[in-house]
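The residues making up each chain are set out below.
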Amino acid sequence: MIRFSVFNDADWLYPDSAHSALTDVSLHLPRGGHDGAQILVDASHAPVSVSCRPDVSCRSGDNASPTLQLYRLLPVGVNENTSPTLMTTTDYESCREFVTRKAPFDVYDALKPFDGEIPEGGRFALYLCAEASPDAVPDIYSGSLTITDDDGQTDIPIRYTVHTPVVPSLSASGLGMLNFFDYDGLARQHETSKGSDEYWETFRCYVRAQIALRCTHILLPAGEPVYQDDVLSGFDFSAAIRAGRIALEEGAVRLCGGHVAHWHEWDDGEYYPNWDQATGITTPQGYLQMRLYFSTWAQVVRENGWEGCMTQALADEPQTHNDKTYRILAAMFRKFLPSVPIIDAVETVNLGGGIDIWVPKQDTYEKWREDYALLQAAGEEMWFYTCAFPAGPAMNRSMDLPLTVSRLVLWMGALYRLSGFLHWGFNYYIGEDIWHSACCPHKGALLPAGDAHIVYPGADGAPLRSMRFEAQRGGAEDYELLRQATAVSPDKTDALIRTVCTTFRDYVRSGEEVAAARQKLIELLEKEELCNG
């Protein structure tokens, strides 16, 4: 006997979840966007076969109906809970008000493209995703998901509606996005040699995943120092060149030069080159090193014709203690590449003239919102980012926070009129076993579950997406629709956003509420389109 039930794609599903009352799949897609559902299945006998198909009678032409994609959901172990203040905790009582479950627990997060058969039978979970092209025909389509075991066959009806609003292509996106990439770890993660052809083909797969996530910016590796007789003589940018060319071949909109310096401690007033932690950049020797780096990099950018698509990260997270030194570093860079915008995660408002794309952390933006709003009003470009700090209920991609957070974080970006999102952890698979210990080690502590990665290493070199990946992708699509709605009806749009989130710490935990708000957003756009038409 086969038993199944359907779940929202913005609610976590667990290996021990009770079945829901929902048995039909009903999806709503903007053109150029996607929607999905999770399906929990109990089958009595192995093997179990699963097939998914659209109703061919619904097709009225090329690209007319959405495509259906099916994944098997894989469980991942969350070994500790998110702390109320920083990193993780084993004190459940201190965090029970905002986490979903007491750690340790398993949750369905990783998505493996489904190959058709479940050899072991028993309980398993699926993720069904429908995607519509920008030129899809608005209509109601149908299909079915068929599950078969020795006891017989079960058909799950699928209904998916394509609506008239359009999510723009990545090149026309109103939302910038950058997820940092672990170049050094990629070789270890996929057991290949760094710099080999296999390595770069694996990297190509990861670029495709970032673009699927609607990342507009691809972070390049920084130049490697070259020494002669223990004296710095130049920099090797061959890896950055290879990565940049692959990213652009795959459809990246912008490239971002890798970080070149950092402070030793957060309250340190000096910056140090990444390759020389003993020499401050404000010293004569430090300037000569930075001059050599930036002049060589400028030549690489120009030779590859990247001036129009390049941005530059200089030093991650400048603080109030070193913001003046950061501006000195920015001046050095501008001497050689004056037309390339500077982008960095920031922890201060005192970087005027030294940065072009401000990226304050979500709580930093709200803490100094008045100051940042003045910069926005003056025409400065303002993004935001999330990470392990401040932890607690603050929106982040943690696997023990409600899954709604991974989507609604971009609704908050739309509410605050922030034009981009950054996260440091795309594929930082740190630790011995991320499948059972999603809280990766960092500086003697543990990062919140999943903070270091939003994809998983696949066996064939391609990364596996996660439910958090799908939620963030959906949030990026929502942002584009919210932006369109704001242009024609800002008050109604802001009021709609506030039904599901009002600050980066105040949000609904129910995926059904998010789905309802998203449906109202689509209806608002359809109504405005009819009125304007």
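Residues numbered from 1 in each chain as written. Predicted model: local features only at pLDDT ≥ 70, side-chain atom pairs only at ≥ 80, totals over all residues. Heavy atoms only, no water.

Caption draft 1: Examining helix 8 (residues 404-415) more closely. Compared with the 16 Å implied by 1.5 Å per residue over 12 residues, the 16 Å span of helix 8 between its first and last C-alpha is a close match. Among the 12 residues in helix 8, 12 count as buried, and that is most of the element. For helix 8, every residue scored as buried is listed here: Thr-404, Val-405, Ser-406, Arg-407, Leu-408, Val-409, Leu-410, Trp-411, Met-412, Gly-413, Ala-414 and Leu-415. Remark: Arg-417 follows helix 8 within two positions and exhibits a positive phi of approximately 60°. (Helix = DSSP H or I, 4+ residues; strand = E, 2+ residues; numbered from the N terminus. Expected span 1.5 Å × (residues − 1). Buried < 20%, exposed > 50% of the residue type's maximum accessible area, 1.4 Å probe, protein only.)

Caption draft 2: Examining the confidence of the model for the protein more closely. With 97% of its residues at a pLDDT of 70 or more, the protein shows a mean pLDDT of 95. Counting interchain partners and residues more than four positions distant, the pLDDT-below-50 stretch residues 57-61 has four contacts. (pLDDT = per-residue confidence, 0-100. Contact = heavy atoms within 4.5 Å.)

Caption draft 3: Broad picture of the sheet that holds strand 9 (residues 117-118). Taking strand neighbours across the sheet as the criterion, the five strands line up as 2-12-11-4-9 in an open arrangement whose pairing is mixed. Whereas interior strands pair on both sides, the edge strands pair on one side only; in this sheet they are strand 2 (25-31) and strand 9. Both strand 4 (residues 48-54) and strand 9 contribute to a ladder of two bridges, which runs antiparallel. Bridging from a neighbouring strand, Ser-49 pairs with Glu-117 of strand 9. (Pairing = 2+ DSSP bridges.)

Caption draft 4: Layout of the sheet that holds strand 23 (residues 381-382). Spatial strand order, 21-22-23: three strands in an open sheet with parallel pairing. Edge positions in the sheet fall to strand 21 (343-346) and strand 23, since each has one partner strand and no second. In the sheet, strand 21 pairs with strand 22 (residues 357-360) via four bridges, with the strands oriented parallel. Bridging from a neighbouring strand, Asp-344 pairs with Trp-358 of strand 22.

Caption draft 5: The nonpolar core, seen in detail. If you look at the biggest cluster of nonpolar residues, it comprises 153 residues, and the most contacted ones within it are Phe-294 and Trp-297. Those residues in contact with Trp-297 that sit more than four places away from it in its chain are Leu-220, Phe-237, Ala-240, Gly-257, Trp-306, Met-310, Gln-312 and Leu-337. Counting residues in hydrophobic clusters, the runner-up holds 28 residues, among them Ala-136, Ile-147, Tyr-160 and Val-162. (Core = buried A, V, L, I, M, F, W, Y, C linked by side-chain atoms within 4.5 Å.)

Caption draft 6: View of the pattern of salt bridges. Scanning the entire structure with this criterion turns up 22 salt bridges. For Arg-407, the salt bridge is made with Asp-9, and the minimal N-O distance between the two is 3.9 Å. Taken as a pair, Arg-407 in helix 8 and Asp-9 in the loop between strand 1 (2-8) and strand 2 lie far apart in primary sequence, 398 residues in all. Judged by relative accessible area, which is 4%, Arg-407 ranks as buried. Looking at Asp-9, the relative accessible area reads 10%, which means it is buried. A salt bridge links Glu-250 to Arg-204, with the nearest nitrogen and oxygen atoms 2.8 Å apart. Of this pair, Glu-250 sits in the loop between helix 3 (238-249) and strand 17 (254-257) while Arg-204 is found in helix 2 (residues 197-212), placing the two residues 46 residues apart along the sequence. The class of Arg-204 is buried, set by a relative accessible area of 13%. Salt bridges here are not isolated pairs; linked through shared partners, they connect Asp-9, Asp-35, Arg-407, Asp-478 and Arg-518. (Salt bridge = Lys/Arg side-chain N within 4 Å of Asp/Glu carboxyl O.)

Caption draft 7: Structural context of the environment of Cys-440. Structurally, the position occupied by Cys-440 is in the loop between strand 25 (420-423) and strand 26 (441-442). The spatial distance from the C-alpha of Cys-440 to the C-alpha of Gly-77 is 11 Å, given a sequence separation of 363 residues. Aside from chain neighbours lying at most four places away, what touches Cys-440 is Tyr-428, Ile-430, Ile-434, Ala-445, Leu-446, Leu-447, Ala-452 and His-453.

Caption draft 8: A look at the packing of aromatic side chains. Per the counting criterion, the structure on display carries 27 aromatic pairs. Seen in terms of ring centroids, Tyr-14 and Phe-105 are 6.0 Å apart; in terms of plane orientation they differ by 75°. Their pairing is edge-to-face. Separated by 91 residues along the polypeptide, Tyr-14 in the loop between strand 1 and strand 2 and Phe-105 in strand 8 (residues 105-113) bring together distant segments of the chain. A relative accessible area of 9% places Tyr-14 in the buried class. With a centroid separation of 4.7 Å and 70° between ring planes, the pair formed by Phe-181 and Tyr-183 is classed as edge-to-face. Ring pairing ties together the aromatic residues Phe-235, Phe-237, Trp-275, Tyr-293, Phe-294, Trp-297, Trp-306 and Phe-333, which thus form one cluster. Note that Arg-101 overlies the ring of Tyr-14, its terminal NZ or CZ placed 3.8 Å from the centroid. (Phe/Tyr/Trp six-rings, centres within 6.5 Å; stacked < 30°, edge-to-face > 60°. Lys NZ or Arg CZ within 6 Å of the ring centre and 35° of its normal.)

Caption draft 9: Structural detail: the packing of helix 8 against helix 9 (residues 467-488). One can describe the packing of helix 8 onto helix 9 by two numbers: an axis separation of 7 Å at closest approach and a directional angle of 25°. As summarised for this structure, helix 8 and helix 9 are arranged roughly parallel, according to the angle between their axes. Note on packing geometry: the crossing formed by helix 8 with helix 9 is right-handed. Where helix 8 abuts helix 9, its residues Ser-406, Arg-407, Leu-410, Trp-411, Gly-413 and Ala-414 lie against Arg-468, Ala-471, Gln-472, Gly-474, Gly-475, Ala-476, Asp-478, Tyr-479 and Leu-482. Classifying every residue of the contact of helix 8 with helix 9 gives seven nonpolar, five polar and three charged. (Axes fitted to C-alpha atoms, helices over the stretch in contact; angles between N-to-C directions. Parallel < 35°, antiparallel > 145°, perpendicular 65-115°, else oblique. Left-handed = near helix turned anticlockwise from the far one by under 90°. Nonpolar A, V, L, I, M, F, W, Y, C, P; charged D, E, K, R; others polar.)

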